[in-house]
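Next come the chains, spelled out residue by residue.
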Amino acid sequence: MSGLRSFVARRLLLGAAQVVAVVLLVFALTEALPGDAAVALAGDQPDPARIAAIRATMHLDEPAHDRLADWAAGLLHGDLGTSLVSGRPVGQYIADGFGPTLLLAALTLALLVPLGFGLGVFAARHEGRPADRLISSVTLAVYAVPEFALGVLLVTVLALQLAWLPPTAVGYGTDLLGHPAALVLPVLVLLARPVCSLSRLVRAGMIDALASPYVAQARRYGIPALRVHYTHALPGALAPAVQQLARTVDWLLCGVIVVEALFVIPGLGTVLLDAVAERDVPVVQGLAVVFGVLTVVINLGADLVAHRLAPRAGVAA
């Protein structure tokens, strides 16, 4: 227990340091953006008075360290800032876009866990046989296809040629649950590569575990094969699989910009793209901080679970 408490304390401290680093990095990157944000936001025919007003709103006339201190103080109180384009709080943008993104992530994970673990365990149990070679070949081929290319292919075949599914979510707004057909193609695209990576990882872990001395000892005791596979071998493959799942969750919540843009889903990725196009710096900063904090928290949780499953591994995402 003392070792676990020490590990948790170290990871919490590291997580806090990573969050601080994320805030500093986001501020530094937005400061380094080329051009004048006030001029860009003023429109095609900028008025000096409007430029001055935007500068005052963005506090661009203040030193960078003062703006950083004010922004960080607001973050500590849950204030992510205000949009320069609409005047709405940045938190409201995130709340509006989080629902569709979370829905896609939840549906993808609900399918990913049974498929990824099931294919990996099945392939490991049939190591070297045709079923194992088929699963390995198909997963490698699918993993090599980028999400954008796979999405275009599925839209072309299933939506445009066969007309089985809607090509995008245009017209549905955020009420995606009321139109489940619009979710099929994006979930398939999001599911394809994570299933491949997770199943291959579980397969490799299972094969290593089945070759371990404690599994051989369990077999000598006459323990049934299914119990050996699922009670003794599978837990040994869970630690790396949990971290892979954490990376997948992080990607689903923070990195599905291409998929959301392709299928016109009003999630966090679309909000970020719109903010970048409009040079809405507070929205970009707020989303970047949220994405960074989510990444730190998710990987911290994965480290703790993996350490619990395999305390000697000393794993870190």
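Refer to the structure presented above.
Here, residues in each chain are numbered from 1, in the same order as that chain's written sequence. Local features in a predicted model are, by the rule used here, given only for residues with pLDDT of at least 70; side-chain atom pairs are given and counted only at 80 or more, and totals for whole chains, interfaces and linings are based on all residues. Where side-chain values are given, they derive from all heavy atoms of the structure, hydrogens and water being excluded.

A. Expanded view of the environment of L198. Strands here mean DSSP runs of E at least two residues long; helices mean DSSP runs of H or I at least four residues long; both are numbered from the N terminus. When you line up the elements, L198 lands in helix α8 (residues 181-210). Burial classification: accessible surface area is computed with a 1.4 Å probe over protein chains only, and a residue below 20% of its type maximum counts as buried, one above 50% as exposed, and the rest as partly exposed. Residue L198 is classed as buried on the basis of its relative accessible area of 1%. C-alpha separation for the pair L198 and P240, spaced 42 residues apart in sequence, amounts to 9.3 Å. In this structure, L198 is in contact with L112, G116, F117, A241, Q244 and L245, ignoring residues within four places of it in sequence. The contact criterion used throughout is that any non-hydrogen atoms of two residues lie within 4.5 Å.

B. Expanded view of helix α7 (residues 147-161). Between the first and last residue of a helix there are one fewer steps than residues, each counted as 1.5 Å, and that sum is the expected span. Between its terminal C-alpha atoms α7 stretches 20 Å, which fits the 21 Å expected from 15 residues at 1.5 Å a residue. Maximal helix bending in α7 amounts to about 30 degrees, located at V155. A163 sits one or two positions beyond α7 and adopts a positive phi of about 55 degrees. Two axes enter the definition of the bend at a residue: one is fitted to the seven residues ending there, the other to the seven starting there, and the bend is the angle between them.

C. Spatial organisation of helix α3 (residues 48-58). Three or more residues of α3 are buried, namely I51, I54 and M58. Viewed end-on, α3 has its buried residues packed into an arc of 65 degrees, placing them on one side of the element. Exposed residues pointing more than 90 degrees away from the buried face of α3 are listed as P48, A49 and T57. Immediately beyond the C-terminal end of α3, within one or two residues, lies H59, with a positive phi of roughly 60 degrees. Arc definition: directions from the helix axis to the C-beta atoms.

D. Seen up close, the packing of aromatic side chains. Any two rings among Phe, Tyr and Trp, with Trp reduced to its six-membered ring, count as a pair given centres within 6.5 Å; such a pair is stacked if its planes are under 30 degrees apart, edge-to-face if over 60, and tilted if neither. Per the counting criterion, the structure on display carries 1 aromatic pair. In this structure, R193 is placed above the aromatic ring of Y143, and the distance from its NZ or CZ to the ring centre is 4.3 Å. Working rule: Lys NZ or Arg CZ, within 6 Å of ring centre, within 35 degrees of ring normal, means a charge sits over the ring.

E. Here's a closer look at the nonpolar core. In plain words, nonpolar cores are sets of buried Ala, Val, Leu, Ile, Met, Phe, Trp, Tyr and Cys residues tied together by side-chain atoms within 4.5 Å. Counting 49 residues, the largest nonpolar core has W71, I94, L185, F263, V283 and L287 as the members making the most contacts within it. Non-local contacts of L287, meaning those with residues more than four positions away in its chain, are made with I94, L268, V271 and L272. With 13 residues, the next largest nonpolar core counts V195, V202, M206 and L234 among its residues.

F. Up close: the packing of helix α5 (residues 90-125) against α8. In this analysis an axis means a line fitted to C-alpha atoms, helices contributing only their contacting stretch, and an angle means the value between N-to-C directions, from 0 to 180 degrees. Remark: α5 packs on α8, axes separated minimally by 6 Å, with the N-to-C direction vectors making an angle of 35 degrees. As α5 runs across α8, the sense of the crossing is right-handed. Of the residues in the contact of α5 with α8, the class split is 23 nonpolar, 4 polar and 1 charged. Left-handed describes a crossing whose near helix is turned anticlockwise from the far helix by less than a right angle; the clockwise case is right-handed. The residue classification treats Ala, Val, Leu, Ile, Met, Phe, Trp, Tyr, Cys and Pro as nonpolar and Asp, Glu, Lys and Arg as charged. All others, Gly included, are polar.

G. Structural context of a nonpolar patch on the surface. A cluster of nonpolar side chains, namely L153, V157, L162 and W164, defines an oily patch on the protein surface of about 400 Å² accessible area. Within the fold, L153 resides in helix α7. Candidate patch residues must exceed 30% relative accessible area and have no salt bridge, after which like charges are joined if within 9 Å and Val, Leu, Ile, Met, Phe, Trp or Tyr side chains if within 5 Å. Calculation of accessible area relied on Shrake-Rupley with a 1.4 Å probe; when residues are assessed, cover is drawn exclusively from the protein chains displayed. We define a salt bridge as a contact between a side-chain nitrogen of Lys or Arg and a carboxyl oxygen of Asp or Glu at a distance within 4 Å.

H. Main features of the pattern of salt bridges. Applying the stated criterion to the full structure yields 3 salt bridges. Residue R203 is joined to D132 by a salt bridge in which the shortest nitrogen-to-oxygen separation is 2.7 Å. Here R203 is found in helix α8, whereas its partner D132 is found in helix α6 (residues 130-143), with 71 residues between them in sequence. Look at R203 and you get partly exposed, because its relative accessible area is 22%.

I. Region of interest: the packing of α7 against α8. Orientation of α7 relative to α8, taken along the N-to-C sense of each, is 140 degrees, at an axis distance of 10 Å. With respect to α8, the axis of α7 lies oblique. As α7 runs across α8, the sense of the crossing is right-handed. Along the contact surface, α7 presents E147, L150, G151, L154, V155, L158 and A159, while α8 presents L185, L188, V189, A192 and R193. Taken together, the residues that form the contact of α7 with α8 break down as 9 nonpolar, 1 polar and 2 charged. These descriptions rest on fixed angle ranges, namely under 35 degrees for roughly parallel, over 145 for roughly antiparallel, 65 to 115 for roughly perpendicular, and the rest for oblique.

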